[in-house]
Amino acid sequence: MVTLEIKDLIKLPPPLNQPLNEQQPLKLLTDEQSRRIDASLDGISAIGILKPGSQQEEEEIVRKFLGGIEKLLSEENNWTFLKPLTLSLKYCASCQTCSDACPVYTASGKQEIYRPTYRSEILRAIIQGYLKKKGLFNFGFTAKKVDLNWSTLARLAELSYRCTLCRRCAQACPLGIDNGLIAHEFRKVFSQELGIAPKELHQMGTVRQLDTGSSTGMRPKAFEDIRRFMEEEIEEKTGKKIAIPVDVKGADILLVHNAGEFVSWPENPEAFAILFDALGISWTLSSELAGYDAVNYGAWYDDFQLARIAMRHVSIAKDLKVNKIVVGECGHAHKATIVLADRLLPPDLAIPRISCLPVLEDIVLSGKLKLDPQRNNFPVTLHDPCNIVRMMGISQPQRRILRSICPQFVEMEPHGVDNYCCGGGGGFAVMNSLNFPDWRMAVAGRMKIKQIVETFRDTGNPETKKYVCAPCSNCKAQLRDLLEYYKVEEKINVAYIGLAELIVNAMPDLKEPFLP
């Protein structure tokens, strides 16, 4: 439908504004991949959708898809999202106010297929043209006819993975219409009815997490090894012997953290351990399968998979008899465990579930912990994870912390609920198949890298290290890849970091800086 080229994308500021012939072109599928895989939407493949082998197979796929749309519109089969879906479909006025708010649409040079309401228009047309729905689903106008065949469905499946589910469109909409939800619901139909989902989210995500304990593949024995490693590293860095508690019954807090932190950024859970120890907070981790990994990829593509992990997390907390679950620095885990779980959990599994950010704010602003802001006297900005800030409205605790401990804290513009997605939302940060990573860097993350470079444009000496504080494991993974793709660390010396590490770095009794 479109052929994306670098020259069509929004321009980047210096020093990323190289001549076109010096910029990386978007990677194409190989001839062999193109013969097997449909990429007719935009030349990109996120899910590697295979072409059908016969006309009969094609017809069967269309039949199953329509059956899935029918279920989407019934309370019995879509009790999780039927009401917001209905409101979004029925009351969108097609004013297109949301279009310019979408970082993907804007960064792409305003490609029509990426417009937030494009998917909604297709869904309305399918409902009106093929299901003949009345009542709530009589939209009061005649939608443009859609020819529902294999090619249409293949493009629609890919299109549902060109939205990061950041909900910036809903923030901009005068009526709060959530077009990100439409992308989510399409993903759900493809997963539940046709078994089509990115392998990184399903087989290597949900399935692996339930089987081994973590989407990283980390089994309980490996988790125990990492816990001991973190204790040793804390002693090495701070000179303090701090035990990291596991499976402590009756603790006040069960900290559920993204296992990617234990594997890639152990300094973040180490920082939590140092802070909790310093304040004498009663807490524990869990060594149970999935209990040491807050990841819940079902939040991005399938309610059934979401429910399986969410039930596991709260059951573990119940067994440990803790007072509450505190979700670590992971945005989508906040969404899955705190927000979406409310739609799933029976009353007997209800347990308080809160964000770590107010907990960290209490620690910093309580005055009980001595902190020296001069230890963080370098430029720091804040990335707002969409699920924590835009979805949950937790925008100030992290700012009050940074203003307190980072003298050179500077805001991105725009920020808070208007901030741009990192480009790795909706599962994108872990999706690395075929040529999708190129699109994720060049298009989905383009507004964010532009924003970061512009924020640090006037911060003086390029030799000075600057930090983007990203209190989200998923966002950090995307920022890591973005900074490397655009060589930003090399060009203007920008790195990324979590929030807890900055707090510990300000502790004056540490002999060496805590930051890597």
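The structure this text deals with has already been given above.
Treat the numbers as computed from the prediction; the structure is a model and nothing was measured.

Novice: Requested: an account of the overall build of the chain, with residues and values cited.
Specialist: Secondary structure summary: the chain contains 23 helices and eight strands in total. A compact globule built from 516 residues should have a C-alpha radius of gyration of about 24 Å, and the chain, at 23 Å, falls within 12% of that. Principal axes of the C-alpha set define a box for the chain whose edges measure 70 × 60 × 45 Å. With 516 residues in all, the chain has 60% of them scored as buried. Pairs at least 24 residues apart make up 78% of the contacts formed inside the chain by residues separated by at least 6 positions. Here the chain holds 63 positive side-chain charges and 63 negative ones, and the gap between their average locations is 4 Å.

Novice: Give a description of unusual backbone geometry that names residues and reports values.
Specialist: With an omega dihedral of 5 degrees, the bond running from Pro 14 to Pro 15 counts as a cis peptide bond. Of note, the amide linkage connecting Glu 413 to Pro 414 takes the cis form, showing an omega dihedral of -10 degrees. Summarising the element assignment, Pro 414 is placed in the loop between strand E6 (409-410) and helix H19 (436-444). Unusually for a residue other than glycine, Arg 167 sits at a positive phi of about 65 degrees. Looking at the secondary structure, you find Arg 167 in the loop between helix H6 (150-159) and helix H7 (168-172). Of note, the phi angle at Asp 247 is positive, near 55 degrees, even though the residue is not glycine. With respect to the helices and strands, Asp 247 occurs in the loop between helix H10 (220-238) and strand E1 (253-256).

Novice: Outline the sheet that holds strand E4 (residues 353-355), supporting the account with residue identities and numerical values.
Specialist: Here we have four strands laid out as an open sheet, ordered E2-E1-E3-E4, and parallel in their pairing. In the strand order of this sheet, the two ends are held by strand E2 (283-284) and E4, each with one partner. Two elements, strand E3 (residues 324-327) and E4, share three bridges in a ladder whose sense is parallel. The residue bridging Val 326 from the neighbouring strand is Ile 354, located in E4. The sheet contacts of helix H15 (residues 331-339) involve E3 and E4, and relative to E4 the element is tilted by about 155 degrees.

Calculation rules
- Residues numbered from 1 in each chain as written.
- Predicted model: local features only at pLDDT ≥ 70, side-chain atom pairs only at ≥ 80, totals over all residues.
- Heavy atoms only, no water.
- Helix = DSSP H or I, 4+ residues; strand = E, 2+ residues; numbered from the N terminus.
- Rg over C-alpha atoms; globule rule 2.2 N^0.38 Å.
- Buried < 20%, exposed > 50% of the residue type's maximum accessible area, 1.4 Å probe, protein only.
- Contact = heavy atoms within 4.5 Å.
- Lys, Arg positive; Asp, Glu negative; His and termini not counted.
- Charge placed at Lys NZ, Arg CZ, Asp CG, Glu CD.
- Pairing = 2+ DSSP bridges.
- Axes fitted to C-alpha atoms, helices over the stretch in contact; angles between N-to-C directions.

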